[in-house]
Amino acid sequence: MTLSREEIRAAAERLDRAEKTRTQIRQLSLEYPEITIEDAYAIQKTWVEIKVAAGRVVKGHKIGLTSKAMQSALSIDEPDSGILLDDMFFADGGLVPSDRFIATRVEAELAFIMAKRLAGSNCTMFDVLNATDFVVPALEILDTRIERVDQVTKSTRKIFDTVADNAANAGIVLGSRPIRTADADLRWIGALCFRNGQLEETGLAAGVLNHPATAVAWLANKIAPLGLALEPGQVVLAGSFIRPIEARKGDTIQADCGAHGSVSCYFA
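Residues numbered from 1 in each chain as written. Predicted model: local features only at pLDDT ≥ 70, side-chain atom pairs only at ≥ 80, totals over all residues. Heavy atoms only, no water.

Enquirer: I keep staring at the overall build of the protein and nothing clicks. Help me out?
Expert: The helix and strand inventory of the protein stands at 7 helices and 13 strands. What you see for the protein is a C-alpha radius of gyration of 18 Å, in line with the 18 Å of a compact globule of 268 residues. By the burial criterion, 52% of the 268 residues in the protein qualify as buried. Taking the contacts inside the protein whose residues are at least 6 apart along the sequence as the reference set, 77% of them involve residues at least 24 apart. Here the protein contributes 30 positively and 35 negatively charged side chains, and the mean placements of these two sets differ by 2 Å. (Helix = DSSP H or I, 4+ residues; strand = E, 2+ residues; numbered from the N terminus. Rg over C-alpha atoms; globule rule 2.2 N^0.38 Å. Buried < 20%, exposed > 50% of the residue type's maximum accessible area, 1.4 Å probe, protein only. Contact = heavy atoms within 4.5 Å. Lys, Arg positive; Asp, Glu negative; His and termini not counted. Charge placed at Lys NZ, Arg CZ, Asp CG, Glu CD.)

Enquirer: Even after reading the chapter, I still don't get the pairing of strand β8 (residues 190–195), so can you show me in this structure?
Expert: Remark: a regular strand shows side chains that alternate across the two faces of the sheet. Bridge analysis of β8 against strand β9 (residues 198–204) gives 6 bridges, and the strand direction is antiparallel. Pairing of Leu 192 across the sheet is with Thr 202, part of β9. Here β8 folds back onto β9, and the loop between the two strands holds 2 residues, one of which, Asn 196, carries a positive phi near 55°. Looking at chain direction, β8 and strand β12 (residues 252–256) are connected through 4 bridges and run antiparallel. Following the sheet pairing, Phe 194 is matched in β12 by Gln 254. (Pairing = 2+ DSSP bridges.)

Enquirer: Please explain the environment of Leu 142 as it appears in this structure.
Expert: Along the chain, Leu 142 falls in strand β6 (residues 132–142). Sequence separation between Leu 142 and Thr 156 is 14 residues, and the spatial gap between their C-alpha atoms is 17 Å. What Leu 142 contacts, discounting residues up to four positions off in sequence, is Lys 62, Ala 103, Thr 104, Arg 105, Glu 107, Ala 168 and Ala 170.

Enquirer: Looking at this model, I keep getting lost on the nonpolar core. Mind explaining?
Expert: A general tendency of soluble globular proteins is for nonpolar side chains to be buried together. One finds Phe 112 and Leu 230 to be the most contacted residues of the largest nonpolar core, which totals 48 residues. Elements with a contribution of two residues or more to this core: β5 (105–114), α5 (125–131), β6, β7 (169–174), β8, α7 (212–223), β12 and β13 (262–267). For Phe 112, the contacting residues outside a window of four places in its chain are Val 128, Thr 132, Phe 134, Val 135, Leu 186, Pro 212, Ala 213, Val 216, Gln 234, Val 235, Val 236 and Ala 238. With 20 residues, the next largest nonpolar core counts Leu 28, Ala 40, Ile 146 and Val 163 among its residues. (Core = buried A, V, L, I, M, F, W, Y, C linked by side-chain atoms within 4.5 Å.)

Enquirer: I'm lost on the sheet that holds strand β4 (residues 94–96) in this one. Help?
Expert: In space, the 5 strands of this open sheet follow the order β4-β13-β12-β8-β9, with mixed pairing throughout. A single partner strand is all that each edge strand has here, and the edge strands are β4 and β9. Averaged over all pairs of adjacent strands, the angle between strand axes in this sheet comes to 25°, irrespective of strand direction. (Axes fitted to C-alpha atoms, helices over the stretch in contact; angles between N-to-C directions.)

Enquirer: What is the right way to look at the pattern of salt bridges in this model?
Expert: Oppositely charged side chains are able to pair whenever their charged atoms sit close together. Tallied over the full model, the rule gives 19 salt bridges. Arg 26 is paired through a salt bridge with Glu 31; the nearest N and O atoms lie 4.0 Å apart. One salt bridge connects Arg 117 with Glu 231, and the closest N-O pair in it is separated by 3.1 Å. Taken together, the positions of Arg 117 in the loop between β5 and α5 and Glu 231 in the loop between α7 and β10 (235–237) put the pair 114 residues apart, joining distant regions of the chain. Put simply, Glu 19, Lys 51, Arg 145 and Asp 165 are held in one network by salt bridges that share partners. (Salt bridge = Lys/Arg side-chain N within 4 Å of Asp/Glu carboxyl O.)

Enquirer: Explain unusual backbone geometry to me, please; I cannot follow it from the model alone.
Expert: Excluding glycine, residues mostly carry a negative phi; peptide bonds, for their part, are mostly trans. In the segment running from Gly 120 into Ser 121, the intervening peptide bond is cis, with an omega of 20°. Looking at the secondary structure, you find Ser 121 in the loop between β5 and α5. Even without being a glycine, Leu 65 presents a positive backbone phi close to 55°. Relative to the helices and strands, Leu 65 resides in the loop between β1 (58–64) and α4 (68–73). Relative accessible area serves as the criterion here: at 15%, Leu 65 is assigned to the buried category. A positive phi is found at Ala 167, a non-glycine position, where the angle reads about 55°. Within the fold, Ala 167 resides in the loop between α6 (159–164) and β7. Judged by relative accessible area, Ala 167 falls into the buried class, the value being 3%.

Enquirer: Help me out: how do you make sense of α7 in this one?
Expert: One turn of the α-helix equals 3.6 residues, which is why residues spaced by three or four share an orientation. Between its first and last C-alpha, α7 extends 17 Å over 12 residues, near the 16 Å set by a 1.5 Å rise per residue. Within α7, 9 of the 12 residues are buried, leaving the element largely enclosed by the surrounding structure. Turning to α7, its buried residues number three or more, namely Pro 212, Ala 213, Ala 215, Val 216, Ala 217, Trp 218, Leu 219, Ala 220 and Ile 223. Residues of α7 that are buried sit in contact with α3 (37–53), β1, β2 (80–85), β5, α5 and β10. (Expected span 1.5 Å × (residues − 1).)

Enquirer: So what exactly am I meant to see when it comes to the side chain of Ser 98 here?
Expert: Tracing the sequence through the fold places Ser 98 in the loop between β4 and β5. Every residue in contact with Ser 98, bar those within four places of it in the chain, is listed here: Arg 22, Lys 249, Phe 267 and Ala 268.

Given below as structure tokens:
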């Protein structure tokens, strides 16, 4: 890492204030040109620790940047990850308070609910399938506490900014129809994604590293050197297989997965 402990703490506190005040901060990659991925994850970890100290509870993980197109756009060769906290969960078909967020977008994903502890460092997709209780369609609510485009330089966010910003995670809506991993080829689960009844995006779960369980295996292996594992009952968002849909106050977002159920929310 190149940033000092004080700089990492200060960046995490700025992100926390940005979320609370709904006021974006400048890109950390511009503030700290020498920032590394390790620094970014350290900022994310410190921010999560601030939240936990304030009473939040870790409920799982999210995986992002799982498509080759997104990885190429950011000049990276692997996904990123963030932490799911208890106050990020909203009911299927329920209300999401739009004034809680800054610049809201929504993605369709599959969420893995873990039945067994899954620890790296040699996990495969088959280990993931064996350790999973069930899978459900899900919506991930994205937000950015960091400016997407710098007002002065017009520079766009870098991977360091996204990782530090808890991989842009802000909320999750879980569908209500469980899918047993032995009962479906998860690669072929698709979604028709609507905003206010208008079809916006479609996609197949195979868009997530060719199989969404591969993304979960990547995460288990990635966090193993930190002494962490995926724990029973935790939720793991495997990664989006659509482009993000902008969501504004008054919008209803729905992902229709056909025989595998649907999931929706209304931004109040």
